[in-house]
Amino acid sequence: GCPKDDFQEELVIRPLHSGDIYASFQFRTLWETDFMRGNKVSHYRLFPKSLGQVISKFSVRELHISFTQGYWRTMQWGQPFLPSPPGAELWVWFQDSVTDVDGTWKELTNVLSGIFCASLNFIDSTNTVQPSASFKPLGIGNVTDHRFLRYATLPREIVCTENLTPWKKLLPCGSKAGLAVLLKSEKLFHSSFHSQAVHIRPVCQDWQCKTTSWELRQTLNVVFDLHTPGQGKLEWSLFKMFSRTLTEACPLASSSKIYIDITDDPQGEQFEVSPATHLLSQAMVLGDRRTFSVYDLTQQITFGTVRSLNLLIRWKSRDMLRPLLHAERYVAGYGLQTGEIHTLMYNNHPYRSFPVLLLDSVPWYLRLYIHTLTVTSKGKDNKPSYIHYQPSKDRVRPHLLEMLVQLPPNSVTEVTVQFERALLKWTEYTPDPNHGFYVGSSVISSLVPSIVAMDTNSTREQPLFSSFFPCKEESSYFMRVYTEPLLVNLPTPDFSMPYNVICLTCTVVAVGYGSLYNLLTRSFQIEEPSPGLAKRIANIIRKMRGVPPL
Amino acid sequence: MAAPLTLLLLVAVTVRAALYRSSLADLISERVEVVSPLTAWKRVVEGLALLDLGVSPYSGDVFHETPLIIYLFHFLVDYAEITFMLADVITAVALYLSVKDYNKQVFRKQKYALEADRYPLDCLELIRSPKEMQYIPLKVAMFYLLNPFTILSCVAKSTCGLNNAVIALFVLSTIKGNVLLSAIFLSLATYQSIYPLTLCAAALLYLLQRQYIPVNLRRFSFWWFVAQYAFMYLGSLFVIVGLSFFLLGSWDFLPSVYGFILSVPDLTPNIGLFWYFFAEMFEHFRLFFLCVFQINVFFYTVPLSIKLKEHPVFLIFMQLAVISIFKSYPTVGDIAASFIKHHKASSASSLNIFLVSCVLLACSALFPVLWHLWIYAGSANSNFYYAITLLFNVAQILLVSDYFYAFLRREHHLSHGLYLKRKDGSEATLVLK
């Protein structure tokens, strides 16, 4: 018969301590099929056909693409469920049957550019790297040769309705039923942070892992600013956030739930949620055990007598929390000749130290000087235990720096490296050259120690938001932090002058040529004074007559 | 003679050591007029650091020095300052000895020509006497060592100083008549930057003259000597390149060093003509103009050799000047090397030379000002710096052609007499026709 497929949707709403509200949508389709074997799949039901064709045509094993507008403020908002850097980020693990990975990568980026209406075709060898340690596969499989991994970011990419619409079309119910009706672009883009992503990977069907199925997760994270609606009242509702309420679950979904994070307020002192629910669920997420109120949309009583659900969260007081791992990055120095990149990593754990993998991909026109790399923690030198550095080649590939740094407890680690700014050819500048050039975010991946023991069985039934990153150890969980992108100015030539410059420089060369030519081909002679005009005419007449001149 | 030279060397070393210890050393090693992507010390240190990290220095685009420099500085990186001061000292001593030897030969030739009555009677005042030429070698060494361009280049630890030392040793061995050493030093100079290849013709002409072999294309002895020299030169070049291959085990350094010099991918501003020209070049014509500019450097060899075949030492200096103006990444260190011909100034056009030298000085003062305005203050743009670059290069070209003119005029007077009369007996003027 047909391979089984399954669709789940969920929405997690977490009130943040700064008063903002964080909403995270996840839509997951599981499909027990094998794209890789010879039989072509022709009957698509819940899994979108465009993505299925992409997987089979380009022999993709894992694909992760995200489009983000805004920067996630870790200090105010805590950790996101799914981190992403500003702009577009794409990383792909190919199957080991692919012979020409670079060519396949180029075609893949162009096809994805068409599917998502984004300018991913600007991804080429000058901003693609092959990280050796930072991006291990998140699904199952035994390919770990990082020759099959490609990672690229476009920090300049802007996300708008044009990108949201094709993303929504990939959902089985589209934007007609279920949680996706809330995704209205005029409200979603009127927010502090908006990120939509697509993650495709192979997963085990059960704990014995006899069969694998393909998992497609579409996630959308959005943070609504407290002050944007202009009311200033600490009150949130679905209608206020999305200008819609929910009326039914997606009929094709096997599970459709809304989770509201009430961990920080189990007694209802800080905020109250209405309509109240008695369904509670606990889950381990980001090293912490959290409690959620659950609203099951497949049950008709959730919608009540008015047949629509408008959740309301009203704040009563506020508090603050500090995340365990946090990073910042900035450019130091003045002038357009040199500069220094500083990356600061904060470890806020009171007594545990843990290692982090820092990945930096710097474009070729900022020439890094790796002998100026310094890593200091608490004022002392902290030598990284693993450094993988691939220098850039002009106009071909960017710098790749990966380091494993041990962060001491309760400290700030500073990584600095000096660079020199290059002068580019006039055609290589963007039309707005004085805006500056973007440097993609650094990626900091680490295993952060967890206070509570965690469950390592990844095939058990869990809410989607807690099952994204696989958990290998009980005492630590995987976390990825992205820093800010950098905006760097480069010296510019005068763009109005190409013809003038060519003329002037060739003139100087010609002056050299002319002087040397004169001196080389002529010899000194005594100058005879030239006769006056009358004499010259007389000479001409004499020549015509055949008489010797004067 | 040894005492004043030693005093000069001490003064020069003291000045450089004082500057090394001051805070100016870091400032000078960042200046684009003094260092280029080919010669910067920062890049040498970066290359050594990459080697320590286990990455080939040529896999990136930061390091463009030859493998022998890596090998040299692998051991000497802690004594870098002493190395560069020593290179300057060697250059000065080599120049001193070579000028002294050359003067001896000039006097010998003059003596024979006087005895053979070859000079017209009225140009006796143009003939050089031993007394006036006694201090010329010292002056040349002083001019090189105390030249602010040389001092800046040394304090910045630019590897141009090493290149100048090799070229000076080449000049010394050529003037002494040592064919093998001349070929070896020339191949070392060519190995480091391709342009000294043009000095081959000058060396050949001088050595042929010294061995009394006439430059006649139909004689076997001429071709035999050329073949010998070419064999020695190419042989040592191949040996050095092969040694470089075995040092790092790959041919990566060929595109990184020679490909870089010839194809000019890095457009960092410098005092030359290439950077802004290729920054503003239409893509369609890039290869064409690249070829034109590179051929321009090598192109003057044959005409200059034909014109100056009787004066090969002056030919060497002319070639050095042409290289330092038109090469792809010039620095002030190259300019310093080409100024050595100053001692041959004749009085005829010294006013012209004085004016042009003033222009050069003014431009050198304006370079840092306009750079600061463009890069740091943001109130000027790249055109200002480019304009001063143009002016600097035009001044250099005019200086070179003035020296050439003065030289040719002196030679003309020596063979035709100083006071020339026209047909009707009145005083004549000389023009170039």
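Looking at an unreviewed UniProt entry, one finds chain B named Phosphatidylinositol glycan anchor biosynthesis, class U, with Cyclopterus lumpus as its source organism. Comment text from UniProt for chain B, heading Sequence similarities (unreviewed entry), reads "Belongs to the PIGU family."

As named in an unreviewed UniProt entry, chain A is Phosphatidylinositol glycan anchor biosynthesis class T, taken from Cyclopterus lumpus.

Looking at the sheet that holds strand 16 (residues 338–347) of chain A
Taken in spatial order, the 5 strands of this open sheet run 15-16-22-18-19 (chain A), and their pairing is antiparallel. Every other strand in the sheet has two partners, leaving strand 15 (325–332) and strand 19 (380–381) of chain A as the edge strands with one partner each. Set on the sheet, helix 3 (residues 41–53) of chain B makes contact with strand 18 (366–377) and strand 22 (411–421) of chain A; between it and strand 18 of chain A the angle comes to about 65°.

A few points about the interface of chain A and chain B
Of the residues lining the interface, 55 residues belong to chain A; the matching set on chain B comes to 69 residues. The junction of chain A with chain B conceals about 5900 Å² of combined surface from both sides, 66% of it contributed by carbon and sulfur atoms. Where chain A touches chain B, the interface holds 3 salt bridges. Across the pair Lys425 of chain A and Glu283 of chain B runs a salt bridge, and its minimum N-O distance is 3.8 Å.

Side note on the side chain of Ser256 of chain B
Residue and element names in this part refer to chain B. Locating Ser256 in the fold gives a position in helix 12 (residues 253–263). Relative accessible area serves as the criterion here: at 6%, Ser256 is assigned to the buried category. Setting aside residues no more than four positions away along its own chain, Ser256 makes contact with Tyr58, Gly60, Phe63 and His64.

Considerations on the confidence of the model for chain B
In the predicted model, chain B carries a mean pLDDT of 88, and 93% of its residues have values of at least 70. Taken element by element, the predicted model of chain B shows its lowest mean pLDDT in strand 1 (residues 430–432) of chain B (68) and its highest in helix 9 (residues 179–192) of chain B (95).

Thoughts on the pattern of salt bridges
Applying the stated criterion across every chain yields a total of 24 salt bridges over all chains. Between Glu215 of chain A and Arg28 of chain A there is a salt bridge, and its shortest N-O distance comes to 3.0 Å. Taken together, the positions of Glu215 of chain A in strand 8 (residues 212–224) and Arg28 of chain A in strand 2 (residues 21–31) put the pair 187 residues apart, joining distant regions of the chain. Judged by its relative accessible area of 2%, Glu215 of chain A is buried. Measuring nitrogen to oxygen at the nearest pair gives 3.0 Å for the salt bridge that ties Glu33 of chain B to Arg31 of chain B. You can call Glu33 of chain B buried: its relative accessible area is 7%. Several salt bridges converge on common partners, so that one network encompasses Arg367, Asp394 and Glu420 of chain A together with Arg43 and Asp266 of chain B.

Reading the values: the criteria
- Residues numbered from 1 in each chain as written.
- Chains lettered and ligands numbered in written order.
- Predicted model: local features only at pLDDT ≥ 70, side-chain atom pairs only at ≥ 80, totals over all residues.
- Heavy atoms only, no water.
- UniProt positions renumbered as here; feature names shortened; annotations may be inferred.
- Pairing = 2+ DSSP bridges.
- Helix = DSSP H or I, 4+ residues; strand = E, 2+ residues; numbered from the N terminus.
- Contact = heavy atoms within 4.5 Å.
- Axes fitted to C-alpha atoms, helices over the stretch in contact; angles between N-to-C directions.
- Buried area = accessible area lost by both parts, 1.4 Å probe.
- Salt bridge = Lys/Arg side-chain N within 4 Å of Asp/Glu carboxyl O.
- Buried < 20%, exposed > 50% of the residue type's maximum accessible area, 1.4 Å probe, protein only.
- pLDDT = per-residue confidence, 0-100.

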